[in-house]
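# Observations on the model geometry
What follows is each chain in one-letter form.
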Amino acid sequence: MELANHPRKLISKLYRLITSSNPTISLPKEKWNNDLTLPSDPDLWTQICGNIFNMTTNTNLQLIQYKTIHRTHITQSKLFKMRLSDTDTCSQCTSGNTDTYLHATWFCQPVHSLWTTVTNTLSSILDCRVPLSPKLWLIIGLDLLVHCDIPDSLNGAYLHGDVNCAILSSIHSKVIDLHKRTRPEPFICSDFNSNMFVQSLAALHTIEEINNASFLPGIKFGYVVCDPCSSPTKALHCLEHLLAINGSLPVLSDYSDFRPSVKALFGEGYSELSIAVAKLLGLYLFPQISCTSSSPVLSDKLRYPSFMRVIPSDVHQAKALIKLMTSFSWDLVGMVYGDDDYGRAAHQSLLQEAKGKVCFAFEKEVTHYLDHVDVDKQVKDAVDTIRASSAQVVLLILKPQLVEKIFKWMIQTNTNRIWIASDVWSMFGPLTKMPDINKVGDIFGFSFTMGNIPGFEDYLKNLRPTPGARNDFIEEYKELRLNCSISPLNCSVDELGVVDLREVYSQRVAVYAVAHGLKKLLKCNETTCNGDINFPPWQLMESIRSVNFTLDGTTHYFDENGDFTDGYDLIRWKKTDVGRIIEVVGKFLLNKGEVELLNELQELTSSVQVQFKCLESCGPGSSKSVTNNSCCISCIVCLEGTYTDKYDESSCHKCPEEQHSLENATECKPFIEKYLFWSEAYPIVLLVAAAIGIILVFTSFIICLTNRETPVNRMANVKLSCFMLLGLMVSFIDVIIFIGKPNKRLCQAQQAVYGLGFTLCVSSILVKAYHTFVTFMPLNPSTQHHLEKLNKPLINLFMLTVGQGVILNFWLILDSPDVQREYPGSGMVKYVICNEGSIAGFAVMHVYIALLALICFLLAFMVRRVPQDFNDTGPIIFSMLIHLFAWLGFIPIYINKNQTEQKHIVQASAVLASSYGIILCHFVPKCFIVLCDLSGNSNSSRRGRLGRHVGHHTERADNIVLPEQGHITPTSGIITQGVEEDSAESVQTVSTLSSNDTTSAVHNVGSSEEDRDGAINSTQNRKRHTNT
C-alpha cells in the first residue's frame, strides 16, 4: 500500500525496501573478488560506491558505472542460462570464449583494444604508466590507483637508503611508435619482458640481503630502478634523471666534486644501451657494472673508462663458438646477427676468429629494433636465406624476440637446423616453452657462469615490495598475470617460473662487487662504517676496480679491461614432452681456450656432426680462395691477363710484358697486333682508290702537257696546273703509307707527306683564285694597284708551301708522331697505331690547310659571276667545299677514344675525298673537253661568249659621265675583266667604248699567246696612265 501511494521512483523505493528488509542482500562483492582478486580493504567498497558520484555529475555516466558494479548488463552467458540463446560463446569476437561478464566488459577483442588505446593515451597525457587493469577501469576507479609523481615518473621502483645505486633494466621490450616520434614527448613502453624483470628482482633481492645481513654496518643500501625499454634514447633519458641534482644536470668544467644522489649504476642488459650510457658516464668516471653486455668495444678503457662487467668479453665468446664448431666438425655455418653495436661487433669478432677454421655460408643482418616497420620482412628474408643455404648449422646473434620469429617460420615450413645461440638468448626461458619448439632441431650455446641465489626462489613465490620500498613493476606483473589466469588467449607475460633462475646469478655477483667496493671506500669494520657516505662517484669506481672477493666459494676480480674472466658454460636445449629444458653439457675455460665436454655428451658428438665438403682441388686456369675469412676454399677463375698452369695455385700469376691471356687461361700468349694489313678489305679499298687517283693524275698531266696550246689549257695556266697535279700525286701516295705495320718513320711520313703535298695543291689553287680576284673584281684603283703588286704566282706558291714546311719541321722536332700500342681493355688484340705526338702540331697543320682552302673558297665566291671560260671559280668553290666537309667528318671519329682502330682509315679516306674532289672538279672536265674537241673549246665560240660579256658592259657604260676627262671611276663598270694574265683582253681607256674597240677586244681572244701578252701589257700601261 505504501508503494501504491508513491508511483514515482517506484523501482528505487522497491530496491530500498528489499535491502532494508533483508540485510544479507549486498553488492556482488564475491563475484568481483573471485574474478579480480581485490585487495582485502574493508573500506574499499565504500570508496568504490562513492566514486560513482565523485567522478562525474552526469547521471547517465553514473548509471553506467552503477550497472557495471552491479553486473546488470545482459551477456550471452546469461541469455544461455535463461534459455534465450543457443550458445554461451561471445558473438563479438573470434576467440570462442564463454561470454562471461568479465569477458564482455574487458577481454572481448574489440573491447580490449579500446581499453588498450585509452590506457596508452592516458599514460601519455599524465606522463606516467597507467596499468592496463580491469580492476582499475571497471570498478575501483582511476583516482584510487594512479598517483603520478612527475619528477619520479621514470623510476618504476625505489628504496631510499644512505647510499643509493641505480639499476637500468629493460623490463619492457620496446617503445610504442618510436619510429614515428617527431616530438620529444614521453615514451610509452610495451611488451613486458619477464626475463629482464627477474634479473632486476635478483639485484633487488641481493641488495635486501646485504641490508639484512649488515654487510655494511650502519649503512642502508638503497636503489632506484629505471626502465629504458630497450631504447638507447630512453636509457639516456633515465640517466639524465638519475644524475640530476635538484632537478637538473649540472654543467661543470671539473666534475671531481660532482656528488649525485646515486653512486653506482647496474646495467644495461643490452650492449647497445650500455655503450650509449657508458659514453656519458665516462665523463664523470661514474662506475657502471653490467651483467650481460658483452660487446668487445666496451673493453676499450680509453673510450669507456668507467665501464665494468662481471662477465667475459665477446672476444672470448667468439673463440668459444668457433671451438664448439670445430669440435663437432661444423665447417660450414650460416650467421644471422643484429644491426646494433653488439651484433656487428660480435660479427666482426667471429669473422676474425674463423679464419682458416670455419666457413660462413651466409651473413645476414636483421634490424634489432622490434617495432621497426620492416622487421617482419627482414626476418622473412633471413629465413629464406637459411632455407636456401646448404649450411645445416646456423648461428643466431639476435634478441630472443627475433629468434622466436625465426623459429615460428621454421616450424611453419617444417625446416630444422642445428642452432647455435649467442649469450643474448641462450638462457631465454620463454623460448623453451614455445609451441612445437622441438621441431626446429638441436640447439646449443654458451651462457655466462651460472649459479643459485640463496632464498631467491622463495622471494619470487611471495613477491611483494620490501617495506618502505615501491615497485610498480611488481604490480604490473601481477595485473598481467591476472589477465592470463582469466583469459589465457590474452596473456602477454610469462610466468616467472619459465625463467632459468641460474641465469641471473651474475646480478648477485655484480651487487656484491659494488658492496665490497663500498665497504673498502667507507672503511667499514664489523660494527660501523667511518667513511663519508656523500662521496663523488669516481672514488667508488677506483675502489670497485681493485676488489678481489670470494662469493659462494668462487673468487672474483676485474682484469685490466674491467672484465671478469670466469669462462662460459656450454648448454644444450634438451627435448622433453613439454618443450625444452636447458642443461649444462660442458665448459669453456678462458685460460685453456678449449671446450670441455661432459661425459654424457661424448656419445652425442657423432650424431650432431654435419660436414661440408669443400672443393678438393682447383685446376689450371683458376686459383684457390678462402671465402669470407673462413676455411672453405672456392676456385676463382683467373681473370684476363693472369694465368695458372698448375693445380691448387694460391693466386693467379700476372702475364709478362707484351703477353696476355683470356679468362681461365693456363698460359700467356703474345698479343695479336692489329693494324691495316695489306690483305684486309679496307686497305684493299684504299689501295684501289689511291691507284685510280694516281692514274687520273698521271693521265691529266699527259693530256695537259700534250695539249697545252688548246684554249682550255692556256686559260688554266699550265704551270700552276702541273704544281696542282704534283701535290695531288703526293697526296695519293700518302694514302698508301697508312697501310702496313707502322714504324716511327712511316708515322712521321704519313703526316708530313700529306701536309706538304696537299698544301702545294691548295696553294696553287689559291694563287689562281687570287689572280682571278685581282683581275675581275671591281676595286678602287689604288687598292687594285697594291693587290696587283702581290700577284706573283710562283713566289706566292713557294711562300705558302714553305709556311707549312716550317710548321711540320717544328712538329717533327719537338714532338713527332710515333708508334703506339693501344689495348682496348679486353681480348688478345692490341692495336698498333701511329699517335699524333703533339696534338697541337697535328691541329695546326690541318688548320693551316683549312685556312688556305677557306680563303680560296671566299675569293672564288666573290667573282663567281665571271664567265667560266676565263676563270676556275666553279671548280674552286666545289673542290674546297668537298675538302672542308671531308675533314669536318673526320673530327668526331678522331675525338672518340673508342674508335682507335678506325682513326687511320677515316684519315686516309678524308685524304682521298679531298684529293678526288680537286681532280674531279679541276682536271677531269678539262680533259674531257680537250679529248672530245667540243665546239666550246673553239676560238670562235669563246670570242662569241666574250663579246656578249663585253657588250653587256658596253651598254652599261654608254651613259656614264666621267668626273674628269680620261678617268674611269671604279663604279663605271666599263673595265673589261679577264680570267688569267695570259688571256686578259685589252682594257679601253676612253670615255665610251665604240663598237670597233669591242671588235678589237674580241679579236684578241683568238690571237697568239705572245700577241695577247703584248695586248695585256699595253692595256695595263694605259690603265696606269689613266689612273695617274
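Predicted model, so just to flag it, every value in this text is computed and none were measured. (Residues numbered from 1 in each chain as written. Predicted model: local features only at pLDDT ≥ 70, side-chain atom pairs only at ≥ 80, totals over all residues. Heavy atoms only, no water.)

Now for the state of the cysteines. Under the defined criterion, the tally for this structure stands at six disulfides. One disulfide bridge connects C524 with C529, the sulfur atoms lying 1.8 Å from each other. Its torsion about the S-S bond being 110°, the disulfide of C524 and C529 is classed as right-handed. Each of the two residues, C524 as well as C529, counts as buried. (Disulfide = S-S within 2.5 Å. Buried < 20%, exposed > 50% of the residue type's maximum accessible area, 1.4 Å probe, protein only.)

The tally for this structure, following the rule as stated, stands at 17 salt bridges. Between D563 and R309 there is a salt bridge, and its shortest N-O distance comes to 2.8 Å. Of this pair, D563 sits in the loop between β16 (554-557) and β17 (568-576) while R309 sits in strand β8 (residues 307-309), and the two are 254 residues apart along the sequence. There is no split in this pair, since D563 and R309 are both buried. The network of salt bridges with common partners includes E209, R508 and D552. (Salt bridge = Lys/Arg side-chain N within 4 Å of Asp/Glu carboxyl O. Helix = DSSP H or I, 4+ residues; strand = E, 2+ residues; numbered from the N terminus.)

Overall, the predicted model of the chain reaches an average pLDDT of 77, with 78% of residues at or above 70. Segment residues 143-152 is flagged for pLDDT under 50; beyond a separation of four residues in sequence, or across chains, it makes 14 contacts in the model. (pLDDT = per-residue confidence, 0-100. Contact = heavy atoms within 4.5 Å.)

Bringing empty space enclosed by the protein into the picture now. By the definition in use, this model includes four cavities of 30 Å³ or more. As a volume, the largest cavity reaches approximately 400 Å³. Lining the largest cavity are 32 residues, with G269, Y270, T292, D423 and V424 sitting closest to its centre. Secondary-structure elements contributing two or more residues to the lining of the largest cavity are α10 (194-212), α16 (400-412), β13 (443-448) and α20 (505-521). (1 Å grid on protein atoms, 1.4 Å probe; cavity = no way out; pocket = protein on both sides within 12 Å on 5 of 7 lines; lining within 4 Å. Points joined across faces, edges and corners; volume = space filled by probe spheres on them.)

For the rest of this paragraph, the subject is the sheet that holds strand β19 (residues 594-597). In sheet architecture, strand pairing relies on hydrogen bonds along the backbone and comes in two forms, parallel and antiparallel. The strand order across the open sheet built from eight strands is β10-β9-β11-β12-β13-β17-β18-β19, with neighbouring strands paired in mixed fashion. Looking at which strands have only one partner, the edges of the open sheet turn out to be β10 (359-366) and β19. Put simply, the sheet's adjacent strands are angled 25° from each other on average, direction ignored. As paired strands, strand β12 (residues 418-421) and β13 are joined by three bridges and run parallel to one another. Looking across to β13, one finds that A421 is bridged to G445. Across the face of the sheet, helix α15 (residues 375-388) comes into contact with β9 (332-338), β10, β11 (393-397) and β12 while running at roughly 170° to β10. (Pairing = 2+ DSSP bridges. Axes fitted to C-alpha atoms, helices over the stretch in contact; angles between N-to-C directions.)

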